[in-house]
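Structural characterization, general
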Amino acid sequence: MTRPLADFIDRAQRLFVLTGAGCSTDSGIPDYRDADGQWKRTPPVTYQAFMGELATRQRYWARSLLGWPRFGHARPNGTHAALAALEARGQLEVLLTQNVDRLHQRAGSRAVIDLHGRLDQVRCMGCEAGTPREAFQQVLLAHNPGWDQLDAALAPDGDADLDGVDFSPFQVPACPQCGGILKPDVVFFGENVPRERVAAVHAHLAQADAVLVVGSSLMVYSGFRFVQAAASAGVPVAALNLGRTRADDLLSLKIEQPCAAALAFLLPSASTA
């Protein structure tokens, strides 16, 4: 057990937890950044490029067709289980996740805000009609026979590394209701988090007596701003993350250990010794 971390959590009665990609790496979902907070790969597609260029949508959906089966069947790991157990202890104000994999919910967490949305839904940018991503997978396969046979490695957020491929023949289905552009129900880079979601997060933050960051470098401002606001209000902030975070100078405690191992003491089966 990491005693300083356990003590930090034990002192909190209304803990605000913010999680990032480091929570899901043990579930087989790669993260974006290295220990220094730098990109490991090409940065993700932007909202502007996705909405403005058919070629970008072709590339995105072709890679997603290959990445979704493994992403969609990923299972929660020990980190997700530990944070669900923390909620069961009654100490959690809210769990704000930057992840779009819904693994916190699958592990049993209920007080969750998906800051950047959820990849298991597809939404029309015209009429707002929603479709489960699993159902849209079958539509993609029907329009693009043989593409699922290509060899590609899983990348973050349901993407796949697919290089040296001509994406121009790939057929991108339109919304069956209005013919509009279909987009994953997630916040892309360059897109704003909905105002009402941000307001809900701030409302929870105002009730919190401590903040714990788990598995995030906080390099994306949409998450970092809440840590910044907490520190400005005098709320203690701890981080459990391998490598540098954007908030290192704001932290009252930092633990650089694998998330699942460091939080294992929260699990009901953990030794009380």
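It should be emphasised that the depicted structure is a prediction, and the values quoted were computed from it without experimental measurement. (Residues numbered from 1 in each chain as written. Predicted model: local features only at pLDDT ≥ 70, side-chain atom pairs only at ≥ 80, totals over all residues. Heavy atoms only, no water.)

Some thoughts on the layout of surface pockets
Filter applied, for reference: Put plainly, a pocket is an open set of points on a 1 Å grid over the protein atoms alone with protein on both sides within 12 Å along at least five of seven lines, a cavity is a set where a 1.4 Å probe fits but cannot get out, and a lining residue has an atom within 4 Å of a point. Grid points are joined across faces, edges and corners, and a volume is the space filled by probe spheres set on the points. By definition, any uninterrupted DSSP run of H or I lasting at least four residues is a helix, any uninterrupted run of E lasting at least two residues is a strand, and each is numbered from the N terminus.
By volume, the second largest pocket amounts to about 230 Å³. Along its surface, the second largest pocket is lined by 15 residues, and Arg123, Lys183, Asp185, Val186 and Glu191 are the ones closest to its centre. Those elements that provide at least two residues to the lining of the second largest pocket are β4 (117–124) and β8 (182–186). Broken down by element, the lining of the second largest pocket gets its largest block of residues, four residues, from β8.

Comments concerning the sheet that holds strand β5 (residues 130–132)
The line we're drawing: Following DSSP output, two strands are said to pair if at least two bridges run between them. Think of each axis as a best-fit line through the C-alpha atoms, taken over the contacting stretch in the case of a helix, with angles from 0 to 180 degrees between the N-to-C directions. In this description, contact between two residues means that some pair of their heavy atoms is separated by no more than 4.5 Å.
Read from one edge of the open sheet, three strands run β5-β4-β8, paired in antiparallel fashion. Strand pairing shows two members of the sheet lacking a second neighbour, β5 and β8, which therefore form its edges. Taken over all neighbouring pairs, the strand axes of this sheet differ in orientation by 40° on average, direction set aside. Relative to β5, β4 is paired through three bridges, and the arrangement is antiparallel. Residue pairing for β5: Gln121 is matched across the bridge by Pro132. Sheet contacts for helix α6 (residues 133–143): β4, β5 and β8; angle to β5, the most-contacted strand, approximately 85°.

Section: the packing of helix α7 (residues 195–207) against helix α8 (residues 221–232)
Rule in force here: Here the angle decides the label: under 35 degrees means roughly parallel, over 145 means roughly antiparallel, 65 to 115 means roughly perpendicular, and every other value means oblique. Crossing handedness follows the turn of the near helix against the far one: under a right angle anticlockwise gives a left-handed crossing, and clockwise gives a right-handed one. The nonpolar class holds Ala, Val, Leu, Ile, Met, Phe, Trp, Tyr, Cys and Pro. Asp, Glu, Lys and Arg form the charged class, and all remaining residues, Gly among them, are polar.
Two numbers describe how α7 lies on α8: the axes approach to 11 Å, and their chain directions differ by 30°. When the axis of α7 is compared with that of α8, the two are roughly parallel. At the point where α7 passes α8, the crossing takes the right-handed sense. Here Val198, Val201, His202 and Leu205 of α7 lie close against α8, whose contacting residues are Arg225, Phe226, Ala229 and Ala230. Taken together, the residues of the contact of α7 with α8 break down into six nonpolar, one polar and one charged.

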